2 protein chains.
Amino acid sequence: MDSRTGLPVVGMVGGGQLARMTHQAAIALGQSLRVLALAPDDGAALVAADVQYGDHTDLAALRTFAKGCDVVTFDHEHVPTEHIRTLTDEGVKLFPPADALLHAQDKRIMRERLTALGAPNPAWRPVTTPAELVAFGEEQGWPVVLKAARGGYDGRGVWMVADAGQAAELAATLLAGGTSLLVEERVTLRRELAVQVARSPFGQVAAYPVVETVQRDGICVEVLAPAPALPEELALAAQQLAIDLATALGVVGMLAVELFETPTGLVVNELAMRPHNSGHWTIEGARTSQFEQHLRAVLDYPMGDTSLTAPVVVMANVLGGEPGGISIDERLHHLFAAEPGAKVHLYGKQVRPGRKIGHVTLLGDDLDDVRARAARAARWLREGHSEREE
Amino acid sequence: MDSRTGLPVVGMVGGGQLARMTHQAAIALGQSLRVLALAPDDGAALVAADVQYGDHTDLAALRTFAKGCDVVTFDHEHVPTEHIRTLTDEGVKLFPPADALLHAQDKRIMRERLTALGAPNPAWRPVTTPAELVAFGEEQGWPVVLKAARGGYDGRGVWMVADAGQAAELAATLLAGGTSLLVEERVTLRRELAVQVARSPFGQVAAYPVVETVQRDGICVEVLAPAPALPEELALAAQQLAIDLATALGVVGMLAVELFETPTGLVVNELAMRPHNSGHWTIEGARTSQFEQHLRAVLDYPMGDTSLTAPVVVMANVLGGEPGGISIDERLHHLFAAEPGAKVHLYGKQVRPGRKIGHVTLLGDDLDDVRARAARAARWLREGHSEREE
């Protein structure tokens, strides 16, 4: 309890853009997010009043941080499960709980659990020997998708394996390095979808409209809300699936369920248990943002209204370009002049080519129009991008 | 320039709720508002990363604060004009400029200027002797409204004077205390309106829809956006008046023009040159909040879209009740359970009876419904309020 405000203190482990935007939402609720950051130039450390420094893999640092927090939650999935269990045993309230978070930390455990729950998986198998990978490929047809069970994101930790020769060699190398692996069939996908739900300890669940996520080179570049031309029954099925998963896994906070839409229905791709890039559109596009909703969930407040604020909402990620060129400040000028309705979110990050440095959200009535404007806005904000690339 | 982000640094003098909500808006723009606060428990100091402490009447403190800021702006009107002039002469960029801000600091100077500009004033006169006040009352009819030229807010510094006897006594006392005074006719008012505009140094001006402000005991309790049943031509006239004033006075940043709607037209009540309580509804109710707009203006960015996000937006202030009773945390629970769409903003303030400790905004289609829900939400959040008062 913060004696100055009479409100509980929420701590977030990790100081990236998710903590940054959660702090922004916390301010309205009378809160000030307590952040465990790695360095003073972390996105959240640049803007939050209450920052501690320490490594999220260091139990002592986590323990110190948790002191005085009424509840602790996470900006990422990289806190070791055993630390979460230890602190939980010591009486710290951590959300999502270790037993839930495990399914966002380890893809193999997730697939096992989804299989047990009867949720829609692609064909998959754990890979503990090169022979198992080869056998799976021969059985399902090449190529297949080899995945590291832990640590991958934005396309990292995922390999498209073309044939038996490549499979044997790659699996041997990775297994020798100690990487826990699984393999999945290469799904014939129409597109990727995502659905956000929040769940409170009390058990209340609130689902957001299903969105389409557009990837390029394994990185999400665009989110369209609601997912265009998605049949009502498929949208309801996706929301129900996310609600069922949140409940079955005991999630507390936001759950993002990333889905493949295939000719035969929906298949789960990945889970994230925190505010997620596929939900950034909710800041202006939904009556309650995923960041406020995550806070409400971990505080066990009732969930907020998830309805859309416009018929069409498009979020485009701003990726870092080559250094140099027109400054970000000048780029903002140009964008705001051209698009008075563009809602910009910059994360305070140093620019590296391909790194997500912000996002921009546009709202409107016509999908093609809003989408084109959002894409152009994101391109304009990309540092190092020259007009010739238009 | 912040070398970590490549973006200019905005400093705000004053650490109240306006700075708190401006910081919230700054985060999206890649900024972190630098705040000059009085104490660590000021609303903005509780949430901002970059806080300095010092008194806004202390030139040395202001000078130290301004160092390293690309632009300095204000959370209130209480910085002495001479300090703003001194720092401007020393090369500090301060917005709004001293010559503009003066009209929000001094009601007498405002009335003189509005008269010179031909803007709609009530009948008024400066009061330098008790006899002048009495003469004005005899001429215009009692009661009249006596005002301190400087320092009043929320009904303070305003006296309703009933007759010549009271006038002579009150004026003598106040003038002896060194208070600069003016008197205004008591306007027959239908209701109070307000209109927000933003102006950039480049000269771009953007106006928000005209709103109705509802006062109780001299304190704004409710804002209805857009102002219900306001004839189109009157709305346009109010917006044009605000745009003309912003331009004529050389305002940079937000300008709030508080208006009386009278049987014979609109009359200016007061001016504020900063984000203002009558514009808090813009956080969720307009595509660009007044806080983001103020930042865009002082940074000389192009102005954002000011259109409404719903047909009806109602903001209700949350006032402090008697201490004790149900905690604010528990009140939030109840409110969120009953109103999933209520958008709450708490300022991190210690509760004192009648003090504004936050506000709540509701959006919808039906004015009576939205208004009733907003008023109930604000009542529920009022500490010390018991159910019997319902």
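Everything numeric in this text was worked out from a predicted model, so none of it was measured.

Thoughts on the pairing of strand β14 (residues 265-272) of chain B
In terms of burial, β14(B) is largely enclosed, as seven of its eight residues are buried. Once strand β13 (residues 253-262) of chain B ends, the chain turns through two residues before running back antiparallel as β14(B).

Things to note about the sheet that holds strand β5 (residues 124-127) of chain B
The strands making up a sheet associate through hydrogen bonds between their backbones, and the pairing can be parallel or antiparallel. All names here are of chain B. One open sheet holds the four strands; their spatial order is β5-β8-β6-β7, and the pairing between them is antiparallel. Each edge of the open sheet carries a strand with a single partner, namely β5 and β7 (158-161). Between one strand axis and the next, the sheet turns by 25° as a mean value, whatever way the strands run. Taken together, the four bridges between strand β6 (residues 144-148) and β7 define a ladder with antiparallel strand orientation. Looking at the pairing, L146 lines up with W159 of β7. Against the sheet, helix α6 (residues 130-140) makes contact with β5, β6 and β8 (181-185), and its axis sits at roughly 160° relative to β5, the strand it touches most.

Digging into the interface of chain B and chain A
Contacts between the two partners involve 51 residues from chain B, matched on the other side by 51 residues from chain A. The residue A:K343 makes a salt bridge to B:E292 at a minimum N-O spacing of 3.2 Å. Where chain B touches chain A, the interface holds 25 residue pairs in polar contact (both at pLDDT 80 or more). Looking at the side of chain B that touches chain A, the elements that each hand over two or more residues are α1 (17-28), α10 (290-298), α11 (328-338) and β16 (343-346) of chain B.

Quick notes on the relation of the copies chain B and chain A
Of the transformation superimposing chain B on chain A, the axial component is 0.0 Å and the angular component is 180°, with the fit at an RMSD of 0.0 Å. Look at the turn and shift together and you get a two-fold axis relating the two. Within chain B, B:A49 has its C-alpha nearest the rotation axis, a separation of 2.1 Å. The fraction of interface residues of chain B whose copies in chain A are also interface residues reaches 100%, indicating that both copies meet through the same surface.

Considerations on the domain arrangement of chain A
All names here are of chain A. The domains assigned to chain A are domain 1 (10-94), domain 2 (123-185) and domain 3 (191-389). The gap between the C-alpha centroids of domain 1 and domain 3 is 23 Å. In this assembly, 22 residues from domain 1 lie in contact with 21 residues from domain 3. The largest share of the area that domain 1 buries against domain 3 comes from Q17, M21 and L29, three residues that together contribute 32% of it. For the interface between domain 1 and domain 3, the tally reads one salt bridge. If you look at where domain 1 meets domain 3, you find five residue pairs in polar contact (both at pLDDT 80 or more). Of the residues forming the side of domain 1 that touches domain 3, the biggest block, eight residues, is contributed by helix α1 (residues 17-28). For the side of domain 1 that touches domain 3, the residue count by class is eleven nonpolar, seven polar and four charged.

Reading guide: rules and limits
Residues numbered from 1 in each chain as written. Chains lettered and ligands numbered in written order. Predicted model: local features only at pLDDT ≥ 70, side-chain atom pairs only at ≥ 80, totals over all residues. Heavy atoms only, no water. Buried < 20%, exposed > 50% of the residue type's maximum accessible area, 1.4 Å probe, protein only. Helix = DSSP H or I, 4+ residues; strand = E, 2+ residues; numbered from the N terminus. Pairing = 2+ DSSP bridges. Axes fitted to C-alpha atoms, helices over the stretch in contact; angles between N-to-C directions. Contact = heavy atoms within 4.5 Å. Salt bridge = Lys/Arg side-chain N within 4 Å of Asp/Glu carboxyl O. Polar contact = N/O pair within 3.5 Å; in protein donor to acceptor, adjacent residues only side chain to side chain. Least-squares fit on C-alpha atoms with pLDDT ≥ 70 in both. Domains from an automatic or database assignment. Buried area = accessible area lost by both parts, 1.4 Å probe. Nonpolar A, V, L, I, M, F, W, Y, C, P; charged D, E, K, R; others polar.

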